[in-house]
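A look at the structure
Residues per chain are reported as follows:
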Amino acid sequence: MLKLLAKIFIKNEAQLPETERRRKYGMLSGGYGIFLNLILGAAKLFAGLISGSLAIMADAANNLTDASSSLVSLLGFRLAGKEADENHPFGHARFEYIAGLIVAMFIIVMGFELLISSIKKILQPEAINFSLLSLIILLISVFIKFHMMIYNRRLGKQFSSAVLFATAADSMSDCIATSVVLLSMLLGHFTTLTPDAYAGGLVALFILYTGIKEAKVLISHLLGHSPDPELVHRIEQLVLEDAFVLGIHDLLVHDYGPGHCLVSLHAEVSPHEDLLKIHEAIDTIELRIRRELGCPAIVHIDPVDMEDAETLRIRKDLEEKLKALSPEVTIHDFRFLTRQGKKILFFDVSAPFSLKMSKEQIRLSVDQLVKELDPSLSAMIEIDRPYAAGD
């Protein structure tokens, strides 16, 4: 069904840019979700009314809320696809995260409301009427929601979409919630138990869990989370393929929304190479990252003298001593200069967040290690925290 809809609504798909394909598929998923959730919500509302089941009514309200969420997702993808402008030079792709967060808020509010209703009905139980029609409606609902979960998860993986993953998670929670309602109906009919209100409470708790989980993921995206380790590894591979590059550090991936990121890094090169050749190599690296990963890149060059014996010896000895602080501590931009007869080391220290020391404490500790190596040395030390795994 969805393949047919894609053929109808997404013309010349193979010729479309990736961002446009992403937008169109996101909007198609949103529209499809609105249609199915409205039908399921209306059908369950009818089933709940004829059976008097709070759990079914709660499930119906959940589907109607999902229709609103799908509308938000559709609008989010449409806004996220807007071109960059003077006020937003990096585009509007973060609208997708905002839309996903609104969806998560819908889920949390609905879960909270259903939980309150379930508690009230536990305190004041009512008889439930078994209905074969209600049973059939719930079975069809489970099948449709499972189908929606598979479809949205597949699209989420294809386009790395937080909104589609959130929608898939919501569909999965609906499958489980409806299954619980279905089970409670059967138990109430074939046994003397009255689990309807308790089933409604379980559904509400599961909905709350799903909403909070998805909200945490999306808030992390908006705040600026660590980049995908696979993306970091691929960037490192592309940069280190060039023979001029001796090492990299200070790798940053700026996330401006799905499919819109900016990469910046420092590449270590020999100061003895021809500057024009190095410049050409860096241009090639930036172009390679843009073409293969779809990310504009800015590469800064850092000259590193790997031929000076004294510099190499001091660096090696210092790296050995730094292991006492943490095996993950690294140094870069290591330069050894003499000014007015004084020996001065200039270098940066990259310290992981797992090292529970302030930047000033780390700097003082490293400075002490330098003094232990050679009391005549002075050190100009900058402390960095790694922005990406492997940095």
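Scroll up to find the structure.
Below, the structure is looked at part by part. (Residues numbered from 1 in each chain as written. Predicted model: local features only at pLDDT ≥ 70, side-chain atom pairs only at ≥ 80, totals over all residues. Heavy atoms only, no water.)

Helix length check: helix α8 (residues 229–240), at 12 residues, gives a terminal C-alpha distance of 16 Å against a target of 16 Å (1.5 Å per residue), a fit within 8%. Listing the buried residues of α8 in full gives Val 232, Ile 235, Glu 236, Leu 238 and Val 239. One side of α8 holds all its buried residues, which, seen down the axis, span an arc of 165°. Exposed and oriented more than 90 degrees from the buried face of α8 are Pro 229 and Glu 230. Next to the buried residues of α8 lie β1 (247–255), β2 (261–269) and α9 (275–293). (Helix = DSSP H or I, 4+ residues; strand = E, 2+ residues; numbered from the N terminus. Expected span 1.5 Å × (residues − 1). Buried < 20%, exposed > 50% of the residue type's maximum accessible area, 1.4 Å probe, protein only. Arc of directions from axis to C-beta. Contact = heavy atoms within 4.5 Å.)

Pairing in this open sheet of 3 strands is mixed, and the strands run β4-β5-β6 from one edge to the other. At either end of the open sheet lies a strand with only one pairing partner, and these are β4 (330–339) and β6 (377–384). In this sheet, neighbouring strand axes are inclined to one another by 15° on average, regardless of whether the strands run parallel or antiparallel. Where strand β5 (residues 342–350) meets β6, 8 bridges bridge the pair, whose relative direction is parallel. Following the sheet pairing, Val 349 is matched in β6 by Ile 383. Across the sheet, helix α10 (residues 309–322) is in contact with β4, β5 and β6; its angle to β4 comes to roughly 135°. Each of β5 and β6 is contacted by helix α11 (residues 359–373), which is oriented at about 150° to β6, the strand it contacts most. (Pairing = 2+ DSSP bridges. Axes fitted to C-alpha atoms, helices over the stretch in contact; angles between N-to-C directions.)

Before going further, it helps to examine the sheet that holds strand β3 (residues 297–303). Read from one edge of the open sheet, 3 strands run β1-β2-β3, paired in mixed fashion. Each edge of the open sheet carries a strand with a single partner, namely β1 and β3. Between one strand axis and the next, the sheet turns by 15° as a mean value, whatever way the strands run. When β1 meets β2, the two strands line up antiparallel, connected through 7 bridges. Opposite Asp 255, over in β2, you have Cys 261 as the bridge partner.

Here the focus is the environment of Val 232. Tracing the backbone shows Val 232 in helix α8. Among the residues examined, Val 232 registers a relative accessible area of 1% and is labelled buried. Placed 21 residues apart in sequence, Val 232 and Val 253 show a C-alpha to C-alpha distance of 8.3 Å.

Attention now goes to α10. Across its 14 residues, α10 extends 20 Å between first and last C-alpha, which sits within 8% of the 20 Å expected from 1.5 Å per residue. Thr 311, Ile 314, Arg 315, Leu 318 and Leu 322 are the residues of α10 that are buried. Down the axis of α10, the buried set is contained in an arc of 100°. They therefore lie on one face. Seen from the buried face of α10, the exposed residues on the opposite side, beyond 90 degrees, are Ala 309, Lys 316 and Glu 320. Considering only its buried residues, α10 is in contact with β4, β5, α11 and β6.

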